[in-house]
Amino acid sequence: MSIKGVIFDLDGVLVFTDKLHYQAWKQMADKMGIYFDEEINNRLRGVSRMDSLEIILEKYYGEPLTLEQKENLATEKNDTYRELLKTMTRDDATDEVRETLAELKCRGYKLSLGSSSKNAKFILERVELLDMFDAISDGNNITKSKPDPEVFLKGAEYLGLNPEDCLVVEDAEAGVEAGLAGGMQVAAIGDAVNCGKANYNLSTFGDLLKICS
Ligand code: B16
Ligand code: MG
């Protein structure tokens with residue numbers, strides 16, 4: 001099967017912001033007296049902001065919260081998270097990621113982002129990677145979270161490519177499922193390798209150059 005475009009998940013693939021998500025959610029949870037630890041944080045990988053909040057609220061035993069109160073909690077977390085993101089620099093993306101993206105472009109592949117995050121552009125700007133992408137599909141242009149394929153289908157559409165001509169790169173099982181559901185080829189990296197569902201497994205980001213030769 002031919003590959004003409006590559007669609008990248010952000011968090012866990014290009015950069016690692018899970019520690020910052022953890023710190024921001026932890027601050028909110030502590031204030032609300034909700035138990036929250038790194039194990040629960042792992043369940044938030046690739047999950048949208050409001051769905052993440054619902055997972056955290058599984059340990060909330062107070063009066064039921066209104067939608068407005070929940071939105072306020074999500075906003076409070078995001079404000080803390082955005083402050084933490086400001087500490088990110090070019091060094092938060094590895095040379096391997098930078099050089100692999102550049103080489104893929106040289107080889108003629110179109111590149112898109114496919115991230116659930118509404119902060120994706122801001123993060124790519126911080127690490128100086130935004131210019132590498134021909135298209136950005138992120139949490140701002142979707143209504144359904146992974147494992148729904150919407151974010152990747154939009155990425156393919158923005159690149160002007162058919163889904164079957166795109167390769168998705170993902171670190172979360174829900175993301176691998178989303179890519180496959182969209183009719184794309186999928187390369188798993190990190191934890192997603194363990195699910196055994198992807199077409200390709202990457203032991204390192206640079207392995208992409210073996211698939212996209
Ligand atoms: P935000 P990805 C995801 O990014 C993160 O993995 C997940 O932990 C986060 O809740 C989600 O983005 C939404 O992020 O609050 O910034 O909109 O892995 O899809 O690139
Ligand atoms: Mg991810």
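The structure displayed is predicted, hence computed values, not measured ones. (Residues numbered from 1 in each chain as written. Chains lettered and ligands numbered in written order. Predicted model: local features only at pLDDT ≥ 70, side-chain atom pairs only at ≥ 80, totals over all residues. Heavy atoms only, no water.)

## So, the domain arrangement of the protein chain
Taken domain by domain, the protein chain holds domain 1 (5-16 + 90-211) and domain 2 (18-85). Each of domain 1 and domain 2 has a C-alpha centre, and these two points are 25 Å apart. Contacts between the two partners involve 13 residues from domain 1 and, on the opposite side, 11 residues from domain 2. Buried surface at the junction of domain 1 and domain 2, summed over both partners, amounts to about 1100 Å²; 44% is from carbon and sulfur atoms. Between Asp191 and Arg45 there is a salt bridge, with the nearest N and O atoms lying 2.5 Å from each other. Linking domain 1 with domain 2 are 5 residue pairs in polar contact (both at pLDDT 80 or more), by the criterion used here. In terms of residue class, the side of domain 1 that touches domain 2 is made up of 4 nonpolar, 3 polar and 6 charged. (Domains from an automatic or database assignment. Contact = heavy atoms within 4.5 Å. Buried area = accessible area lost by both parts, 1.4 Å probe. Salt bridge = Lys/Arg side-chain N within 4 Å of Asp/Glu carboxyl O. Polar contact = N/O pair within 3.5 Å; in protein donor to acceptor, adjacent residues only side chain to side chain. Nonpolar A, V, L, I, M, F, W, Y, C, P; charged D, E, K, R; others polar.)

## Some thoughts on the coordination of the magnesium ion (ligand 2)
The coordination sphere of the magnesium ion (ligand 2), as far as protein atoms go, consists of Asp9 (OD), Asp11 (O) and Asp171 (OD), spread over 2.0 to 2.2 Å. Within one chain, the residues donating to the magnesium ion (ligand 2) are spaced in sequence as D-x1-D-x159-D. Remark: Asp171 occurs in the loop between β4 (166-170) and α8 (173-181) and Asp11 occurs in the loop between β1 (5-8) and α1 (18-32); sequence separation between them is 160 residues. A residue is classified by how much of its surface remains accessible, and Asp171, at 7% relative accessible area, is buried. (Donors = N, O, S within 2.8 Å, 3.2 Å for Na, K, Ca; no water. Helix = DSSP H or I, 4+ residues; strand = E, 2+ residues; numbered from the N terminus. Buried < 20%, exposed > 50% of the residue type's maximum accessible area, 1.4 Å probe, protein only.)

## Quick notes on the nonpolar core
If you look at the biggest cluster of nonpolar residues, it comprises 38 residues, and the most contacted ones within it are Phe8, Leu14, Leu101, Phe133 and Phe205. Ranked by the residues each element gives to this core, the list is headed by helix α6 (residues 120-126), at 4 residues. Per-domain counts for this core show at least three residues from each of domain 1 (5-16 + 90-211) and domain 2 (18-85). (Core = buried A, V, L, I, M, F, W, Y, C linked by side-chain atoms within 4.5 Å.)

## A word on the environment of Leu208
As for its position among the elements, Leu208 is in helix α9 (residues 208-211). On the basis of relative accessibility, which here comes to 0%, the residue Leu208 falls in the buried class. Once the C-alpha coordinates of Leu208 and Glu58 are considered, the two residues, 150 residues apart in sequence, prove to be 38 Å apart.

## Some thoughts on the pairing of β1
Looking down a regular strand, the side chains alternate between one sheet face and the other. Because side chains alternate across β1, one face comprises the buried residues Gly5 and Ile7, and the other comprises Val6 and Phe8, equally buried. With 4 bridges joining them, β1 and strand β2 (residues 110-114) adopt parallel strand pairing. Counted as the bridge partner of Gly5 is Lys110 from β2. As paired strands, β1 and β4 are joined by 4 bridges and run parallel to one another. By the bridge assignment, Ile7 is partnered in β4 with Val168. (Pairing = 2+ DSSP bridges.)

## Points about the environment of Asn199
Looking at where Asn199 falls in the secondary structure, it is placed in the loop between β5 (185-189) and β6 (200-202). You can call Asn199 partly exposed: its relative accessible area is 44%. Residues Asn199 and Met88 lie 111 residues apart in sequence; the distance between their C-alpha atoms is 32 Å. When residues no more than four places from it in sequence are discounted, the contact partners of Asn199 are Leu180, Met184, Gln185 and Val186. Within polar-contact distance, the side chain of Asn199 engages the backbone nitrogen of Val186 at 2.7 Å.

## As for the packing of α1 against helix α4 (residues 67-85)
Running from amino to carboxyl end, α1 crosses α4 at an angle of 140°, the nearest separation of the two axes being 8 Å. Classed by the angle they form, the pair α1 and α4 counts as oblique. Classified by chirality, the crossing of α4 by α1 is right-handed. Here α1 contributes Leu20, His21, Gln23, Ala24, Trp25, Gln27, Met28, Lys31 and Met32 to the contact with α4, which in turn contributes Leu73, Glu76, Lys77, Thr80, Tyr81, Leu84 and Leu85. Of the residues belonging to the contact of α1 with α4, the class tally is 9 nonpolar, 4 polar and 3 charged. (Axes fitted to C-alpha atoms, helices over the stretch in contact; angles between N-to-C directions. Parallel < 35°, antiparallel > 145°, perpendicular 65-115°, else oblique. Left-handed = near helix turned anticlockwise from the far one by under 90°.)

## Quick look at the site of ligand 1
Taken together, 17 residues form the shell around ligand 1, and within it Val47, Ser115, Ser117, Lys118 and Asn119 come nearest. One of the backbone nitrogen or oxygen atoms of Ser116 is found 2.8 Å away from an oxygen atom of ligand 1. Asn119 places a side-chain nitrogen or oxygen 2.7 Å from an oxygen atom of ligand 1. Taking 470 Å² as the accessible area of ligand 1 by itself, protein coverage stands at 98%. Classifying every residue of the shell around ligand 1 gives 4 nonpolar, 7 polar and 6 charged. Mapping the shell around ligand 1 onto the domain boundaries places at least three of its residues in each of domain 1 (5-16 + 90-211) and domain 2 (18-85). (Near = heavy atom within 4 Å. Areas by Shrake-Rupley, 256 points an atom, 1.4 Å probe, with all protein chains shown as cover.)

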